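Report on the structure
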Amino acid sequence: MAIADTNTDVPTIGKLSEADLRLTASMIPTVAENLPDIGCDSLSEYPITGGVDIAATTRALAEGQGAILMSSGGTTGAPKLSWLPHDLGLRQQCRTWDPLDASSVLLNLFNPGRLWGSHYYMQELARISCSVVLPAGPFDKSEIPNWVEVFQRAEVNALAGNPTTLADFADACLEHGVDLPINKIIWMAEPWATRKLNSIAAAFPKASLWGNYGAVETWVMGTSKPECTPNVLHLLPGHMMECYDNGALISRRADGWAVPLLRYNLKDRVVPAHCACGGERAMRILGRVEDTVSLRSAIFRADEVLDIVREVPDVVDAQIVLSSEKETSASVMTIDFIADGATDDIDHVNLTVRDRLVAGFVHMASIVAKYPDALRVECVDSLIRIGRTNKTPAVVRR
């Protein structure tokens, strides 16, 4: 575990006291064994922790009280195991974020199994909220007509899923003329793209959006409510985030939350933000640190590339596919995009995407001048997804 350099220029979201940090550190075996009796004098003197520390901590806490074993990773990194308490720390979380109640009938669209936590999270949230829950998982569009009677008889009025799955479900309902009285939607695991928000608004115009941010190994750290700006979340009380460029560090007070955390590197790029709700501890998650891509030895941020592509008229969503990689740099970057169904000139959209990327990055212009085939643009019917989670990654490496 490395010691972070003191850097007062690093933005920090939330606050924890010296006593909070000392208590949390004492609960992490790999840290406590080297911790001075009086703790550390400053935050930067505490070590940066990782997956090994979380596994040791949660496994020790599970002795005698049981746990549900979850694993993150497999999308952008190696799996990280976490032994989580059966209540998932939800009673603490729901003191400030409580979307469901006894009137809620929740259709849980998260994938079950394979140690992924979101499906079971929704089951437990429904239980402590005294809600009815349907543990369904995602549906193929063709299945929806066969399930409409079940949805209606159960009086489904709430949904839970990641934005990709939720948009799929909304599109299927629109295609088959299914009108469900959805008033609440719980989302997490990836950001919203404009097209997906538009699908939700068209299919479920009365639905309010309730968001979560977290990782399976750390559990939930941030939430949003219906009045919040899309893709802006709020760090939960009892948490502190150091927003380093090479990965945000999360610390958590050890009092009822699922996992004690001390300067754990999330490998996410997180920045402070302002929210329409006016609430404190607002933040945006810009993506994974690993989503920085190298093309012909030039470095590009995936979120900046995709933002330019998504602003092109008639592009509804996009993804970066890297191929012919040698060591750490790709020789070809392909922009796969989905076009608006009403578009009748795909060639023009392709050319516009390419031109804007070349104009938007100095290095891209130099690369394309020397290697014209290094940047490719293709219209596709669907983007590549991660089978275990049904998420759409920003970057796919082949």
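All values derive from a computational prediction rather than experimental measurement.

Counting secondary structure elements, the protein chain contains 11 helices and 21 strands. In terms of overall size, the protein chain behaves like a compact globule, its C-alpha atoms giving a radius of gyration of 22 Å where 398 residues would be expected to give roughly 21 Å. Taking the principal axes of the C-alpha coordinates as reference, the protein chain spans close to 70 × 60 × 40 Å. The buried share of the protein chain, taken over its 398 residues, is 53%.

The next point concerns the environment of Glu227. Considering the arrangement of structural elements, one finds Glu227 in the loop between β9 (219–224) and β10 (232–235). Residue Glu227 is classed as partly exposed on the basis of its relative accessible area of 47%. Put simply, Glu227 and Gln123 are 104 residues apart on the chain and 25 Å apart in space, counted from C-alpha to C-alpha. What Glu227 contacts, discounting residues up to four positions off in sequence, is Ala276 and Cys277.

With that settled, the discussion passes to helix α11 (residues 362–370). For an α-helix, 3.6 residues make a turn, and residues three or four places apart therefore share a direction. All of the buried residues along α11 are Met364, Ile367 and Val368. Axial view of α11: buried residues confined to an arc of 95°, hence all on one face. Facing away from the buried side of α11 by over 90 degrees, the exposed positions are Val362, His363, Ala369 and Lys370. Here the buried face of α11 lies against β16 (292–295), β17 (298–301), β19 (332–339), α10 (346–360) and β20 (375–379).

Now for the pattern of salt bridges. In this structure the tally under the stated criterion is 16 salt bridges. We note a salt bridge from Arg195 to Asp171, for which the minimum N-O separation is 3.2 Å. One end of the pair, Arg195, is in helix α8 (residues 194–203); the other, Asp171, is in helix α7 (residues 163–176), and 24 residues separate them in sequence. The class for Asp171 is buried, based on a relative accessible area of 18%. Asp255 serves as the salt-bridge partner of Arg253, at 3.0 Å between the closest nitrogen and oxygen. Classification of Arg253 as partly exposed rests on a relative accessible area of 26%. The network of salt bridges with shared partners includes Glu190, Lys196, Arg310 and Asp317.

Soluble globular proteins tend to bury their nonpolar side chains together. Leu107, Tyr121, Met122, Leu159, Phe169, Phe204 and Met241 are the most contacted members of the largest nonpolar core, which totals 66 residues. Once residues within four sequence positions are removed from consideration, Met122 is found in contact with Leu106, Asn108, Phe110, Ala160, Ile186 and Met188. Val309, Phe337, Met364 and Val368 belong to the second largest nonpolar core, which has 30 residues in total.

Turning our eyes to something else, we now look at a negative patch on the surface. A cluster of acidic side chains, namely Asp314, Asp340, Asp344, Asp345 and Asp347, defines a negative patch on the protein surface. Along the chain, Asp345 falls in the loop between β19 and α10.

This paragraph deals with the packing of α10 against α11. At a minimum axis distance of 5 Å, the contact between α10 and α11 shows a crossing angle of 115°. Only Val362, Met364, Ala365 and Val368 of α11 make contact with α10, whose side of the interface consists of Arg354, Leu357, Val358 and Gly360. Here the residues of the contact of α10 with α11 sort into six nonpolar, one polar and one charged.

Turning our eyes to something else, we now look at a nonpolar patch on the surface. Where nonpolar side chains cluster on the molecular surface, the patch consists of Leu69, Leu81 and Leu115 and spans about 210 Å² of accessible area. As for its placement among the helices and strands, Leu115 is situated in the loop between β4 (105–108) and α5 (118–128). Leu115 sits in the partly exposed class, given a relative accessible area of 40%.

With that out of the way, let us pick up the sheet that holds strand β21 (residues 395–397). Pairing in this open sheet of four strands is mixed, and the strands run β20-β19-β18-β21 from one edge to the other. The open sheet has two edge strands, β20 and β21, and neither has a second partner. Strand after strand, the sheet turns through a mean of 25° between neighbouring axes, direction not considered. By the bridge criterion, five bridges tie β19 to β20 in an arrangement that is parallel. Directly across from Phe337, in β20, lies its bridge partner Cys379. Against the sheet, helix α9 (residues 302–310) makes contact with β18 (315–323), β19 and β21, and its axis sits at roughly 140° relative to β18, the strand it touches most.

The subject of this paragraph is the sheet that holds strand β1 (residues 12–13). An order of β1-β11-β12-β13 is seen for the four strands of this open sheet, with the pairing classed as antiparallel. In the strand order of this sheet, the two ends are held by β1 and β13 (261–265), each with one partner. In the sheet, strand β12 (residues 249–252) pairs with β13 via three bridges, with the strands oriented antiparallel. Residue Leu249 lies in a different strand from β13, and its bridge partner there is Asn265. Set on the sheet, helix α1 (residues 18–26) makes contact with β11 (239–242), β12 and β13; between it and β13 the angle comes to about 80°.

Note on placement: Asp317 falls in strand β18. Within the structure, the side chain of Asp317 is placed 3.1 Å from the side chain of Arg310, a separation counted as a polar contact. Apart from residues lying up to four places away in sequence, Asp317 is in contact with Ala193, Lys196, Arg310, Asp336, Phe337, Ile338 and Leu383.

To continue, consider the side chain of Thr24. Note that Thr24 resides in helix α1. Classification of Thr24 as buried rests on a relative accessible area of 1%. Within the structure, Thr24 has its side chain in polar contact with the backbone oxygen of Arg252 (distance 2.8 Å). Those residues in contact with Thr24, other than ones at most four positions away along the chain, are Arg252, Arg253, Ala254, Pro260, Leu261 and Leu262.

Rules used in this analysis
- Residues numbered from 1 in each chain as written.
- Predicted model: local features only at pLDDT ≥ 70, side-chain atom pairs only at ≥ 80, totals over all residues.
- Heavy atoms only, no water.
- Helix = DSSP H or I, 4+ residues; strand = E, 2+ residues; numbered from the N terminus.
- Rg over C-alpha atoms; globule rule 2.2 N^0.38 Å.
- Buried < 20%, exposed > 50% of the residue type's maximum accessible area, 1.4 Å probe, protein only.
- Contact = heavy atoms within 4.5 Å.
- Arc of directions from axis to C-beta.
- Salt bridge = Lys/Arg side-chain N within 4 Å of Asp/Glu carboxyl O.
- Core = buried A, V, L, I, M, F, W, Y, C linked by side-chain atoms within 4.5 Å.
- Patch = residues over 30% accessible without salt bridge, like charges linked within 9 Å, V, L, I, M, F, W, Y side chains within 5 Å.
- Areas by Shrake-Rupley, 256 points an atom, 1.4 Å probe, with all protein chains shown as cover.
- Lys, Arg positive; Asp, Glu negative; His and termini not counted.
- Charge placed at Lys NZ, Arg CZ, Asp CG, Glu CD.
- Axes fitted to C-alpha atoms, helices over the stretch in contact; angles between N-to-C directions.
- Nonpolar A, V, L, I, M, F, W, Y, C, P; charged D, E, K, R; others polar.
- Pairing = 2+ DSSP bridges.
- Polar contact = N/O pair within 3.5 Å; in protein donor to acceptor, adjacent residues only side chain to side chain.

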